[in-house]
Amino acid sequence: MSNNPIPVDSAASKANSWWRFRRWVHRNRSAFHVVAGIFALAFSRPTDLGNAIALVIVLIGMFLRIWANSCIRKNVELCTVGPYSIVRHPLYLGNFVIMLGVCIAANSLLVIIAGCAFMALVYAIVIPDEEEKLRRLFGQAYENYARRVPAFLPNPLTIGAWSFSVGAVNWRRAARDVFLISLLVAMFELKEDVLERVYRVEY
């Protein structure tokens, strides 16, 4: 009897490993936002103007998230109204806008490029994984929806088909999220004050 191990289908093994990696990224996507935020803060050179611009951008991203959350019934029905008539993944777009604002608060071209590239890579993995689940849940209805509506970037040519309806807003959750992200931007302002007053650093 041969003692050689049974050969493993390397193609299937690699596919399975890639699937597990995608699921791991999907499950931990919130942690990647935290990592990106800490990176931006650590390498930041904040200014008052940059913080003000960042806060506006962050609040736009938060508004998009609140709007999207008001419309969706996750895994229950296919949402195609409100921001979901503009892009298929408005929650992820809102997250990306928030992270763009955080990177701008850093006042560093390196942070902006690295942070946005990192988040783009995360969503390049997360979005296809999410869409596989949605296709399993909603079948042909999702296929038809995907043909009409872009995944991540709005198409201004389709503005006539956009819906601006708003659902039930969870104001407690919205207030919590706005507070937490505003607190992060405030940390950039705090760092600027410390650098100026304690270390006499000016940009």
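None of these values were measured; they are calculated from a predicted model.

Caption draft 1: The pattern of salt bridges, seen in detail. All told, the structure shown has nine salt bridges when counted by the stated rule. For Arg 22, the salt bridge goes to Asp 129, with nearest N and O atoms at 3.5 Å. Highlighted residues: Arg 22 in helix α1 (residues 10-27) and Asp 129 in helix α5 (residues 109-148), separated in sequence by 107 residues. Accessibility expressed as a relative area gives 10% for Arg 22, which makes it buried. Between Glu 132 and Arg 22 there is a salt bridge whose closest N-O contact spans 2.9 Å. Taken as a pair, Glu 132 in helix α5 and Arg 22 in helix α1 lie far apart in primary sequence, 110 residues in all. For Glu 132, a relative accessible area of 36% gives the class partly exposed. Residues joined in a network through salt bridges with shared partners are Arg 22, Arg 23, Asp 129 and Glu 132.

Caption draft 2: Main features of the environment of Ala 106. Position of Ala 106 among the secondary structure elements: in the loop between α4 (90-105) and α5. Residues Ala 106 and Asn 51 lie 55 residues apart in sequence; the distance between their C-alpha atoms is 8.2 Å. When sequence neighbours within four positions are dropped, the list of residues in contact with Ala 106 reads Ala 40, Ser 44, Arg 45, Pro 46, Val 111 and Phe 188.

Caption draft 3: Molecular detail of the environment of Ile 104. If you trace the backbone, Ile 104 turns up in helix α4. On the accessibility criterion, Ile 104 (22% relative accessible area) is partly exposed. With residues up to four places along the chain from it excluded, the contact list for Ile 104 reads Gly 50, Ile 53, Ile 57 and Ile 112.

Caption draft 4: Region of interest: the nonpolar core. Core analysis: the largest hydrophobic core is formed by 48 residues, its most contacted members being Val 58, Tyr 84, Val 102, Tyr 123 and Phe 188. The greatest single-element share of this core, amounting to 13 residues, is contributed by α5. Not counting chain neighbours up to four residues away, the residues in contact with Val 102 comprise Gly 37, Ala 40, Val 58, Leu 184 and Phe 188.

Cut-offs and rules
- Residues numbered from 1 in each chain as written.
- Predicted model: local features only at pLDDT ≥ 70, side-chain atom pairs only at ≥ 80, totals over all residues.
- Heavy atoms only, no water.
- Salt bridge = Lys/Arg side-chain N within 4 Å of Asp/Glu carboxyl O.
- Helix = DSSP H or I, 4+ residues; strand = E, 2+ residues; numbered from the N terminus.
- Buried < 20%, exposed > 50% of the residue type's maximum accessible area, 1.4 Å probe, protein only.
- Contact = heavy atoms within 4.5 Å.
- Core = buried A, V, L, I, M, F, W, Y, C linked by side-chain atoms within 4.5 Å.

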